[in-house]
Amino acid sequence: MNTDEQLARDIQTGNHDALAELVRRHHHALIGFVFRMTGGDRPLAEDMAQETFLRVIRSINQYSYPRPFKAWLYAIATNLVRDHFKRAEQRYRVLDVDEAYLPAEANLESTIMKNQNAQALMDALMHMPETHRSVIVLRYYQELSLNDIAEALDLPLGTVKSRLSLGLGRLRQLLEKDFS
């Protein structure tokens, strides 16, 4: 099985099957990343994930091995999210969890509690600076290594560690405030 990096190099030589494989591997996780970075807007997350892959296609010749492909992919997605929130009409917009996404199950109370906790976490993340939110989401939801986060965000490793520590502290404060 080819690595992501090999597939990216294959795309550079015109292998379209390699692109399909990269999309298959990363599409779902990328939607999850953008979903969390945008405050839970599923349609926006799907659109931005698609736009991320379009930008991968357009700029594939800028990818240089041995840079981890996943870090490069998330760098593109992170820049899309940043650009989105730079627009004035999008600043500080927080969405509620859409009831259409609630699963129908026998123990509705459990589902409601899980969604309330998820919504509280999403709200807390959206009240944090993007610099801290992106590091937390990449680390704990996307499970990127600290080195890959540094690569994706084009930051020194020490800065990633600092932002992660400060961000987790701020997240803890926001959540304690919500539950007290």
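Use the structure listed above.
Residues numbered from 1 in each chain as written. Predicted model: local features only at pLDDT ≥ 70, side-chain atom pairs only at ≥ 80, totals over all residues. Heavy atoms only, no water.

**Considering the overall build of the chain**
Within the chain one finds 8 helices and 0 strands. Starting at the N terminus and ending at the C terminus, the chain contains elements arranged as α-α-α-α-α-α-α-α. For the chain, the proportion of its 180 residues judged to be buried stands at 41%. Restricting the contact set of the chain to residue pairs at least 6 apart, pairs at least 24 apart contribute 63%. Surface accessibility of the chain: about 10,400 Å² in total, with carbon and sulfur atoms responsible for 50%. (Helix = DSSP H or I, 4+ residues; strand = E, 2+ residues; numbered from the N terminus. Buried < 20%, exposed > 50% of the residue type's maximum accessible area, 1.4 Å probe, protein only. Contact = heavy atoms within 4.5 Å. Areas by Shrake-Rupley, 256 points an atom, 1.4 Å probe, with all protein chains shown as cover.)

**Some words on the nonpolar core**
Core analysis: the biggest nonpolar cluster contains 48 residues, and Leu30, Phe33 and Phe69 have the highest contact counts within it. For this core, the secondary-structure elements that each account for two or more residues are α1 (4-12), α2 (16-37), α3 (42-59), α4 (69-86), α5 (108-126), α6 (130-141), α7 (146-153) and α8 (157-179). Residue contributions to this core peak at 11 residues, all from α4. (Core = buried A, V, L, I, M, F, W, Y, C linked by side-chain atoms within 4.5 Å.)

**A few points about α6**
Between its first and last C-alpha atoms α6 spans 15 Å; for 12 residues at 1.5 Å apiece the expected length is 16 Å, and the two agree. For α6, the set of buried residues is Glu130, His132, Arg133, Ser134, Val135, Ile136, Val137 and Leu138. Backbone geometry just after α6 places Glu143 at a positive phi near 55°. (Expected span 1.5 Å × (residues − 1).)

**Some details on the packing of aromatic side chains**
Summed over all chains, the structure comprises 4 aromatic pairs. Ring centres 6.1 Å apart and planes at 70° place the aromatic pair Tyr63 and Phe69 in the edge-to-face group. Relative accessible area serves as the criterion here: at 3%, Tyr63 is assigned to the buried category. Their ring planes at 55° and their centres at 5.9 Å tell us that Phe69 and Trp72 sit as a pair that is tilted. Of this pair, Phe69 and Trp72 both sit in helix α4, 3 residues apart, which is roughly one turn of that helix. What makes Trp72 buried here is its relative accessible area of 7%. In this structure, Arg9 is placed above the aromatic ring of Tyr65, and the distance from its NZ or CZ to the ring centre is 4.4 Å. Over the aromatic face of Phe85 sits the side chain of Arg133, whose NZ or CZ is 5.7 Å from the ring centroid. (Phe/Tyr/Trp six-rings, centres within 6.5 Å; stacked < 30°, edge-to-face > 60°. Lys NZ or Arg CZ within 6 Å of the ring centre and 35° of its normal.)

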